[in-house]
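Next come the chains, spelled out residue by residue.
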Amino acid sequence: MTVAATVASEASMLNPVTLFLTADWVVKSVMVGLAVASVWSWTVIIDKAFRFTALNAQANAFEKAIASGRSLEDVAAQAGPEPAHALPRMLVIALSDWRETRRKGPLTDTEGNLLISRIDRSLDSLIAREGQRIEEGLGVLSVVATASPFIGLFGTVWGIMNAFGRIAAAGNTNLTTVAPAIAEALFATAVGLAAAIPAYIAYNKFSIDAGKFTGRLESFADDLQAAVARRLGGGPAPVAPPPPPPPSAPDLSFRRSV
């Protein structure tokens, strides 16, 4: 009978539900808080996983359209006047500035440099805003990853204090006296680690993904500025030029260096 009771007691100490129900209210509060933090972080993880997958898929499709040899005007027209993705939006901004400036007639070197500078500022501003947008939520993962182990450790310390209190109250060090409190304490640590480890891994992965995507935007911005610079430096204008083509249909060549 004693052996059976001991086995039942050991089994109950391995049951998470039993450990939670028998825990002190402070340890319960710690476990509930960590569970909420874990659910919150997993919500961010799932959302970011889908967002980065969609962003990269759209970027791949856009770059494939650019590499196909189609004119930038056709690609921009297909994307629409206000595309949601950052890459076609950068193209629309660059072409808009190009058209607006070319409508005024031939450009001097100073005006060409001002055009490139204006496009550079517009693209940098867009990249900065897009970088902030794709990094939203990473702060939650950082907080959960760094704070959860310490919160779980607080529950552990509290549970061990309860174990010592039970020893003092019982007047003996029998394992059955202190085992439940120690099990509760260790379970709080386990919950803290269970919340922290996925958040830590996801934070590092998504931070790297965000950096790669921002670099992708910066590379495309450099290519656009190079295309504008090549078009502006295509050759000196003749003294008596023939009637120019309509300025509303500019032609920018796009060549990405490998």
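Keep in mind the model is a prediction, meaning the values are calculated, not measured.

1. Focus: the confidence of the model for the chain
Residues of the chain with pLDDT of at least 70 account for 81%, and the chain-wide mean is 80. No element of the chain has a lower mean pLDDT than helix H1 (residues 2-13), which averages 48, and none a higher one than helix H3 (residues 25-67), which averages 92. Note on residues 1-9: pLDDT is under 50 here. Beyond four places in sequence and across chains, it has zero contacts. The low-confidence segment residues 235-250, where pLDDT is below 50, has six contacts with residues more than four positions distant or belonging to other chains.

2. Structural notes on the environment of Ala-183
Residue position: Ala-183 is located in helix H8 (residues 175-232). Here the alpha-carbon distance between Ala-183 and Ala-163, two residues 20 residues apart in the chain, equals 9.6 Å.

3. Here's the deal with helix H4 (residues 72-79)
Within H4 the residues assigned to the buried category are Leu-72, Glu-73, Val-75 and Ala-76. Viewed end-on, H4 has its buried residues packed into an arc of 165°, placing them on one side of the element. Away from its buried face, by an angle of more than 90 degrees, H4 presents the exposed residues Ala-77 and Gln-78. Against the buried residues of H4 lie H3 and helix H5 (86-102). Once H4 finishes, Gly-80 follows within two positions and takes phi at roughly 95°, a positive value.

4. Quick word on the pattern of salt bridges
By the definition in use, this model includes five salt bridges. The salt bridge partner of Glu-63 is Arg-216, with a shortest N-O separation of 3.1 Å. Remark: Arg-216 occurs in helix H8 and Glu-63 occurs in helix H3; sequence separation between them is 153 residues. Across the pair Arg-133 and Glu-130 runs a salt bridge whose closest N-O atoms are separated by 2.5 Å. Of this pair, Arg-133 and Glu-130 are both found in helix H6 (residues 109-134), three residues apart, which corresponds to roughly one turn of the helix. Accessibility expressed as a relative area gives 36% for Arg-133, which makes it partly exposed. You can call Glu-130 buried: its relative accessible area is 2%. Taken together, the shared-partner salt bridges connect Arg-89, Glu-130 and Arg-133 into one network.

5. Some remarks on the side chain of Gln-225
Here Gln-225 shows up in helix H8. Those residues in contact with Gln-225 that sit more than four places away from it in its chain are Ile-119, Asp-120 and Leu-123.

6. Some words on the packing of H5 against H6
Their axes nearest at 10 Å, the elements H5 and H6 cross at an angle of 160°. In terms of their interaxial angle, H5 and H6 are classed as roughly antiparallel. Relative to H6, H5 is oriented so that their crossing is right-handed. Residues Ala-86, Arg-89, Met-90, Ile-93, Ala-94, Asp-97, Trp-98 and Thr-101 of H5 lie in contact with H6, whose contacting residues are Leu-115, Arg-118, Ile-119, Ser-122, Leu-123, Leu-126, Ile-127 and Glu-130.

7. Quick word on the packing of aromatic side chains
Counted under the stated rule, the structure contains three aromatic pairs. For the pair Phe-52 and Phe-206, a centre-to-centre distance of 5.7 Å together with 15° between the ring planes defines the contact as stacked. Taken together, the positions of Phe-52 in helix H3 and Phe-206 in helix H8 put the pair 154 residues apart, joining distant regions of the chain. Residues Phe-52 and Phe-206 agree in their burial class; the two are buried.

Cut-offs used in this document
- Residues numbered from 1 in each chain as written.
- Predicted model: local features only at pLDDT ≥ 70, side-chain atom pairs only at ≥ 80, totals over all residues.
- Heavy atoms only, no water.
- pLDDT = per-residue confidence, 0-100.
- Helix = DSSP H or I, 4+ residues; strand = E, 2+ residues; numbered from the N terminus.
- Contact = heavy atoms within 4.5 Å.
- Buried < 20%, exposed > 50% of the residue type's maximum accessible area, 1.4 Å probe, protein only.
- Arc of directions from axis to C-beta.
- Salt bridge = Lys/Arg side-chain N within 4 Å of Asp/Glu carboxyl O.
- Axes fitted to C-alpha atoms, helices over the stretch in contact; angles between N-to-C directions.
- Parallel < 35°, antiparallel > 145°, perpendicular 65-115°, else oblique.
- Left-handed = near helix turned anticlockwise from the far one by under 90°.
- Phe/Tyr/Trp six-rings, centres within 6.5 Å; stacked < 30°, edge-to-face > 60°.

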